[in-house]
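Analysis of the macromolecular model
In case you want the letters, here they are:
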Amino acid sequence: MTEPKKEIILSGIRATGNLHIGNYFGALRKFVAVQNDYDCNFFIADLHALTTNPDPEQLHANVKSVLAEYLAAGLDPEKSTIYVQSDVPETTEMYLLLNMHVGIGELMRTVSFKDKARKALGLSPENDEEDIEKQVCGSDTGRRVNAGLLTYPTLMAADILIHKATKVPVGKDQLQHLELTRRFARRFNSFYNVDLFPEPYDFDFGGAPIKVPGLDGSGKMGKSEGNCIYLVDDPKVLRKKVMRAVTDEGPQTPDSQMSEPIANLFTLLELTSTPDVVEHFRKAYADCSIRYGDLKKQLAEDILAVTTPIRERVNDILADDGYLAKVLAAGAERARERAAATLSEMRHVMGIRKF
């Protein structure tokens, strides 16, 4: 009997620097767990990274480091298709073709574009779409917001639709882009009266999403927030970061409610420590005997127990350029085979055919 086709998962991480433990617990660990059950495709989004005009040498180094961290965390190139976004040029052609069915207005209304445009233009959150549009259309200030930033959702849609992926794990900040991808797929199918693109949906791996907090007392861990613990941080650096994590004056009465900074530390503890360790510190907090210094020391060692094997594998992998090149060549070949087939279908229905 022919085995049923596996559902297609697709996910990408922008090549903007090293991965942190938020990436690991929120995504990478889950990717590793589903490699045997799904048709997995994981890419390094170097084209998306270009929206911020990175230094070319740094971009190249970032691609290499993310690839090594993918592999060190357990992604298996024999089980998953691992590739660099720019190694699949069919995606950029599809990006162009798809843009012919995308409105400028719907792109300008996306939350991420407005937030990034405000930041690039030095505007405040109070500035509305009209203010942004005036600045973007200005001869001088408009140069700070490139067209790639505006059409980011279209490129993301091309990444997904070219593989006909149906399960796409995304963070909360990308849910609007995923909804746009579904809209673009429906619009294209309807306009040409075809059933070419399936609609993709967020994939939570069958459990509640994990929000990994940063060390600054609020929000989630993120590179732009400067509150990260990176997978490749050496022990000295990692311990120093954890010991500097924001805390409060400590519980004043038994069974008092935790402040957000302390709740964040306990969230990290629950992700990395054994249940008995977590219970020990919860009881100490409840009876007001907790010492945050002891909590942080324990947390640092438990995080190191997770990251040290990964960091050591990263160093070994980075030293083997031949292996990295082999992984990417194989991944690009597999990714391009599917992408070329989808693009050929798309070109045909749009009337782009040979005589």
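Up top is the structure.
Now for a description of the structure that goes with this document. (Residues numbered from 1 in each chain as written. Predicted model: local features only at pLDDT ≥ 70, side-chain atom pairs only at ≥ 80, totals over all residues. Heavy atoms only, no water.)

Considerations on the overall build of the protein chain
The condition that has to hold: In DSSP terms, a helix is any run of H or I states spanning at least four residues, a strand is any run of E spanning at least two, and both are numbered starting from the N terminus. Radius of gyration: C-alpha atoms only; globule rule: 2.2 Å multiplied by the number of residues to the exponent 0.38. For every residue, the accessible area obtained with a 1.4 Å probe (protein chains only) is divided by the maximum for its type, and the residue is called buried under 20%, exposed over 50%, and partly exposed between those limits. In what follows, a contact means two residues having at least one pair of non-hydrogen atoms within 4.5 Å. Only four residue types enter the charge count, namely Lys and Arg as positive and Asp and Glu as negative; His and the chain termini do not. Charged side chains are reduced to one point each, which is NZ for Lys, CZ for Arg, CG for Asp and CD for Glu.
What the protein chain contains, in helices and strands, is 15 helices and five strands. Scaling as 2.2 N^0.38, a compact globule of 355 residues should have a C-alpha radius of gyration of about 20 Å, and the protein chain matches this with 23 Å. If one aligns the C-alpha atoms of the protein chain with their principal axes, the spans along those axes are about 80 × 60 × 40 Å. In the protein chain, which comprises 355 residues, the share counted as buried stands at 46%. The contacts of the protein chain with a sequence gap of at least 6 include a subset with a gap of at least 24, amounting to 77%. The average position of the 44 basic charges and that of the 51 acidic charges among the side chains of the protein chain differ by 2 Å.

Description of the environment of Q298
Mapped onto the elements of the fold, Q298 is located in helix 14 (residues 292-318). With 59 residues separating them in the primary sequence, Q298 and R239 have C-alpha atoms 9.8 Å apart. Discounting chain neighbours no more than four positions away, the residues touching Q298 are V277 and F281.

Structural notes on unusual backbone geometry
Phi angles above zero are rare outside glycine, and N53 is one such case at about 50 degrees. When you line up the elements, N53 lands in the loop between helix 2 (46-49) and helix 3 (56-73). The phi dihedral of C288 falls on the positive side, at around 70 degrees, and the residue is not glycine. Inspection of the secondary structure assignment puts C288 in the loop between helix 13 (275-286) and helix 14.

Describing the pairing of strand 1 (residues 8-14)
On any regular strand, side chains alternate: one points to one face of the sheet, the next to the other face. This is how the line gets drawn: Following DSSP output, two strands are said to pair if at least two bridges run between them. Handedness of a crossover is defined as follows: with both strands directed away from the viewer, a clockwise route from the first strand across the helix to the second makes it right-handed.
Extensive coverage of strand 1 is indicated by the burial of five of its seven residues. Direction of pairing for strand 1 relative to strand 2 (residues 39-45): parallel, over a ladder of seven bridges. Looking at the pairing, G12 lines up with F43 of strand 2. Each parallel crossover has a hand, and the one from strand 1 via helix 1 (residues 21-34) to strand 2 is right-handed.

Digging into the nonpolar core
Keep this limit in mind: To qualify as a nonpolar core, a set must consist of buried Ala, Val, Leu, Ile, Met, Phe, Trp, Tyr and Cys residues joined through side-chain atoms within 4.5 Å.
One finds I21, L28 and Y70 to be the most contacted residues of the largest nonpolar core, which totals 61 residues. With near-sequence residues (within four places) excluded, Y70 lies in contact with S11, G12, I13, L19, L28, F42, F43, I44, L75 and I82. Membership of the second largest hydrophobic core comes to 41 residues, among which are L98, M108, M156 and V168.

Details of the side chain of E90
Worth spelling out the cut-off: By the criterion applied in these results, polar contacts are pairs of N or O atoms within 3.5 Å in which, for protein atoms, one can donate a hydrogen and the other can accept it, and in which residues neighboring in sequence qualify only through two side-chain atoms.
Along the chain, E90 falls in helix 4 (residues 89-99). Judged by its relative accessible area of 10%, E90 falls in the buried class. At 2.9 Å, the side chain of E90 and the side chain of R336 are in polar contact. Discounting chain neighbours no more than four positions away, the residues touching E90 are I162, R336, A339, A340 and L343.

Re the pattern of salt bridges
To keep things clear, this is the line we draw: What counts as a salt bridge is simple: a side-chain nitrogen of Lys or Arg found within 4 Å of a carboxyl oxygen of Asp or Glu.
Per the counting criterion, the structure on display carries 16 salt bridges. Here R187 makes a salt bridge to E106, at a shortest N to O gap of 2.7 Å. Of this pair, R187 sits in helix 10 (residues 175-192) while E106 sits in helix 5 (residues 104-108), placing them 81 residues apart in sequence. Across the pair D294 and R291 runs a salt bridge, and its minimum N-O distance is 3.2 Å. On the accessibility criterion, R291 (58% relative accessible area) is exposed.

Description of the packing of helix 1 against helix 14
The geometry of a pair of packed helices is captured by two quantities: the angle between their axes and the separation between those axes. Selection criterion: To get an axis, a line is fitted to the C-alpha atoms, and for a helix only the part in contact is used. The angle between two axes follows their N-to-C directions and goes from 0 to 180 degrees. Each angle receives one of four descriptions, namely roughly parallel if under 35 degrees, roughly antiparallel if over 145, roughly perpendicular if within 65 to 115, and oblique otherwise. Ten residue types, Ala, Val, Leu, Ile, Met, Phe, Trp, Tyr, Cys and Pro, are classed as nonpolar, four, Asp, Glu, Lys and Arg, as charged, and the remainder, Gly among them, as polar.
Two numbers describe how helix 1 lies on helix 14: the axes approach to 12 Å, and their chain directions differ by 85 degrees. One way to sum up the angle between helix 1 and helix 14 is to call them roughly perpendicular. Here I21, Y24 and F25 of helix 1 lie close against helix 14, whose contacting residues are I303, V306, T307 and I310. The residue inventory of the contact of helix 1 with helix 14, partitioned by class, reads six nonpolar, one polar and no charged.

Topic: the pairing of strand 3 (residues 81-84)
Residues T81 and Y83 of strand 3 are buried on one face, and the alternating residues I82 and V84, pointing to the opposite face, are buried as well. Bridge analysis of strand 2 against strand 3 gives four bridges, and the strand direction is parallel. If you follow N41 over to strand 3, its bridge partner there is T81.

Concerning the packing of aromatic side chains
For any pair of aromatic rings, geometry is given as the distance between the ring centres together with the angle between the planes. Here is the rule we go by: Here is the rule: rings of Phe, Tyr and Trp (six-membered ring for Trp) pair when centre to centre is within 6.5 Å. Planes less than 30 degrees apart are stacked, more than 60 are edge-to-face, and the remainder are tilted. A positively charged side chain is recorded as over a ring if its NZ (Lys) or CZ (Arg) lies within 6 Å of the ring centre. The angle to the ring normal must also be within 35 degrees.
Counted by the stated rule, this structure contains eight aromatic pairs. Seen from their ring centres, F188 and F197 are 5.3 Å apart, and the 55 degrees between their planes marks the pair as tilted. Put simply, the rings of F188, F191, Y192 and F197 pair up and form one aromatic cluster. One residue, K116, lies across the ring of Y152, its end atom 4.9 Å from the ring centre.

So, the packing of helix 12 (residues 260-272) against helix 14
Applied cut-off: Crossing handedness is read from the near helix: turned anticlockwise from the far helix by less than a right angle, it gives a left-handed crossing, and turned clockwise, a right-handed one.
Packing of helix 12 against helix 14 brings their axes to within 9 Å, and their N-to-C directions diverge by 35 degrees. Once helix 12 is placed against helix 14, the crossing between them reads as left-handed. Contact residues: helix 12 offers I262, L265, F266, L268, L269 and T272, while helix 14 offers Y292, L295, K296, L299, D302, I303 and V306. By residue class, the composition of the contact of helix 12 with helix 14 is ten nonpolar, one polar and two charged.

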